[in-house]
Structures are given as structure tokens and as C-alpha cells.
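Results of the structural survey
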Amino acid sequence: MQTETLGVFLKTRRDRVPPEAAGLRTYGTLRRVPGLRREELAQLAGVSVGYYTRLEQDQSGTASPQVLDALARVLGLDDAESSHLHNLAQRPGVSRLVRPAAETLDPRVATLLHALSDSVPAIILGRRGDVLGWNRTGHLLLAEHVDYTAPDSPETRPSIPRMFFLDPLHRDLYRNWSDLARIHIGYLRLTSGRHPTDARLAELIGELAMGSPEFAELWATGDVADCTSGPMNLRHPTLGHVDVDYQVWLQPDSPDHRLEAYTPRDTASRDALRLLASR
């Protein structure tokens, strides 16, 4: 699957900004584009129409941080979207894909995971959402139908994005699947901007787009999101309804690896997690 370019991202963001939101008057005239016109965005950002057009057509080379910040301001981009914009600007055009080596779990991250004990369900995810490790309750909470030892080998590691969109058993686990789907896709897009040459990531995105109509539809929106914390409402096959908050912890020495921990949001969910830990 071809990686996203700066021009494609600018176009999707421009289409979603109504003229009124940018302080422009339309006087009831019929418009042929859903959002801002190129010339309107260029004027508001303080650049020439020709230069912006070349940016959107991926023909301008690199753009300065000042120009990117001005475009982000007019387009109303949040921090994650602005970061993605700057990442894309560092690699204009189509990037050449390479196949990276399999990820290895940093021993210090593994030590942190084991220090949590089974009282706090947790998993460690690689840059593409592969499970690099989990404690016993993390496994039982999210994927008890998967072999516990599967993360030990790169050939058998479970992929959370792949299970989330393509595994019916895993998909049924989430009562707020639609909300989480947008976050999954937004984070994959953010990651693709950070690692534009990762062939394994591009293949994963292509596989999900081919196998899941929901993924393909949401991916086409161009939305970007970071994944730091939020609610996860589960329909667990043995515990019933369990409501937890996920929290993501990053390690400075291995920024691509995320430790994701799950804490209960109510008394019933706390009791359910205690039952899980006692199994």
C-alpha cells in the first residue's frame, strides 16, 4: 500500500474546514469543494497560491516549519495532526519501502511489565501494534482465545490492529468498538508518518483496508490521533461487562514500544479484575 504524502493529507484537511470556520463569507454562492479552496487556504496562511498548489501536488520539495505551522493554524490541526503534517513534510513524494528487522523487547520494559504483577492487566505493543509481551491478566482480559506464549516469537505474535478489525472474537470484546476504531486508525496513520519506509506497516494497513470495509472507510478520512488514555468498555466472554481505562506509557530508550495498562472504572469492574487475577 502506497504511503501517504503531504499533498494527500493537506487535501483531506482542507476539505473538512468550512469557509465560515475560517472567517470567510460565502454570500450564499454555490461552491464546488466541501471545504476551503486552495486560494483561500493560501491567502489565510500567507503563502502564494502557486506555492500552496505545488505543496498539495507534492511538487514543491520541502516546506519550512513556519509555513507548516501557518497551514496547521488555518486548518485547525491538533497536536497529533500537526506532528503528522511536519513528519510528512520531511519526505515529499513517495517513499521507498524497506523491510525492518523483527522488533525485540527491551529488557527494562519487560522488567516494568513484570513489576506490575497480575493485579494490573498490561501488555507491551510494538510500533505496528504487535504484542511483544503481556502479563497473565492482560492476556486473559484482551485475548484469552490466543496462546499465552504467542508473543515470544516474531512469527506468532498477535497483532492488536489485525485482531481488532479482522478477528470476530476479538471485535466482539469491545462495546465501544466504533470509538476505539477511530483511535486505532488515527494512531496507525500517525505511526506511518513517523516510519514512512516501514514495509511491514504498509502491508498491515493494506491488509486491513482490503479485509475490513470499516477500516477502509475510516482510513480514507485522513484522520490522525495519538493513543495515550481513554475508556475501554468490554464485553468479556467470562466476566461479562467490564469497564476499564487504558493508559499508555512510553519508554525514552525504546519510544516505539508502548506499555498499555488497564485500570477499572467502577466497583464491579474492580471486582471482575480481581477475579481475573485469581484464575
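Thresholds, definitions, all that
Position labels on residues start from 1 in each chain and follow its written sequence. For this predicted model, a pLDDT threshold of at least 70 governs which residues receive local features, and a threshold of 80 or more governs which side-chain atom pairs are given and counted, while totals over whole chains, interfaces and linings are taken from all residues. Side-chain calculation: all heavy atoms of the structure are included, whereas hydrogens and water are not. Strands here are runs of E lasting at least two residues and helices are runs of H or I lasting at least four, both read from the DSSP assignment and numbered beginning at the N terminus. Accessibility here uses a 1.4 Å probe with only protein chains present; expressed as a share of the type maximum, an area under 20% marks a residue as buried, one over 50% as exposed, and anything in between as partly exposed. Only heavy atoms enter the contact rule, under which two residues are in contact if any of them lie within 4.5 Å. Residue exposure ignores everything except the shown protein chains as possible cover, and the areas themselves are Shrake-Rupley values with a 1.4 Å probe. His is not counted here, nor are the chain ends, while Lys and Arg score as positive and Asp and Glu score as negative. A charged residue contributes its charge at one atom only: NZ of Lys, CZ of Arg, CG of Asp or CD of Glu. The predictor reports its confidence for every residue as pLDDT, a score running from 0 up to 100. For the purposes of this section, nonpolar cores are sets of buried Ala, Val, Leu, Ile, Met, Phe, Trp, Tyr and Cys residues that join through side-chain atoms within 4.5 Å. Salt bridges, as used here, are contacts in which a Lys or Arg side-chain nitrogen is within 4 Å of a carboxyl oxygen on Asp or Glu. Between N-to-C directions, angles span 0 to 180 degrees; the directions come from axes that are lines fitted to C-alpha atoms, helices contributing only their stretch in contact. Convention used here: angles under 35 degrees read as roughly parallel, angles over 145 as roughly antiparallel, angles from 65 to 115 as roughly perpendicular, and any remaining angle as oblique. Definitions for this section: a left-handed crossing has its near helix turned counterclockwise from the far helix by less than a right angle. A right-handed crossing has that turn clockwise. Think of a polar contact as two N or O atoms within 3.5 Å of one another; within protein, one of them needs to be a possible hydrogen donor and the other a possible acceptor, and neighboring residues in sequence only count if both atoms come from side chains.

**Regarding the overall build of the chain**
When you go through the chain residue by residue, the secondary structure sums to 13 helices and five strands. Expressed as lengths along the three principal axes of its C-alpha atoms, the size of the chain is roughly 65 × 40 × 35 Å. Expressed as a percentage of the 279 residues in the chain, the buried residues total 51%. For the chain, contacts bridging at least 24 residues in sequence account for 60% of all contacts bridging at least 6. Summed over all atoms, the accessible surface of the chain reaches about 13600 Å², with 53% contributed by carbon and sulfur. Positive and negative side-chain charges in the chain, numbering 32 and 36 respectively, have mean positions lying 5 Å apart.

**Things to note about the confidence of the model for the chain**
On average, residues of the chain score 90 in pLDDT, and 95% of them reach the 70 mark or higher. Per-residue pLDDT, averaged within each element of the chain, yields its smallest value for helix α6 (residues 107–115) (84) and its largest for helix α8 (residues 160–166) (97).

**Structural notes on the nonpolar core**
Core analysis: the biggest nonpolar cluster contains 68 residues, and L55, Y174 and M232 have the highest contact counts within it. Dropping the residues within four chain positions of it, L55 is found in contact with L6, G7, L10, S60, A63, V67 and L71. Counting seven residues, the second largest nonpolar core, distinct from the first, contains V109, L113, L132 and A261.

**With respect to the pattern of salt bridges**
For the coordinates displayed, the defined rule picks out 21 salt bridges. A salt bridge links E81 to R13; the nearest nitrogen and oxygen atoms lie 3.3 Å apart. Of this pair, E81 sits in helix α5 (residues 79–89) while R13 sits in helix α1 (residues 6–15), and the two are 68 residues apart along the sequence. Note on E81: relative accessible area 4%, which makes it buried. Among the salt bridges present, the one from R14 reaches E56, with a minimum N-O distance of 2.8 Å. Of the two residues, R14 sits in helix α1 while E56 sits in helix α3 (residues 49–56), which places them 42 residues apart along the sequence. By relative accessible area, R14 is classed as buried at 4%. Connected through salt bridges with shared partners, the residues E103, R127, R128, D198 and D256 form a single ionic network.

**A word on the packing of α5 against helix α10 (residues 177–194)**
Helix packing geometry: the angle between the two helix axes and the distance between the axes. Interhelical geometry of α5 versus α10 gives an angle of 30° and a closest axis separation of 8 Å. Compared by their axis directions, α5 and α10 come out roughly parallel. Note that α5 runs across α10; the crossing there is left-handed. Contacts between α5 and α10 involve A80, S83, H84 and N87 from the former and R189, L190, S192, G193 and R194 from the latter.

**Focus on the side chain of H139**
Here H139 is to be found in helix α7 (residues 136–143). Reaching out from H139, the side chain makes a polar contact with the backbone oxygen of V146 at a distance of 2.6 Å. Non-local contacts of H139, meaning those with residues more than four positions away in its chain, are made with W134, E144, V146, D147 and Y148.

**Considering the environment of R175**
Looking at the secondary structure, you find R175 in the loop between α9 (168–171) and α10. For R175, a relative accessible area of 30% corresponds to the partly exposed category. Setting aside anything within four residues of it in sequence, one finds R175 in contact with N233, L234, R235, H241, V242 and D243. Within the local environment of R175, its side chain forms a polar contact with the backbone oxygen of L234, the two atoms lying 2.8 Å apart.

**Considerations on the environment of H139**
Judged by relative accessible area, which is 7%, H139 ranks as buried. A C-alpha to C-alpha distance of 39 Å links H139 and L10, two positions 129 residues apart in sequence.

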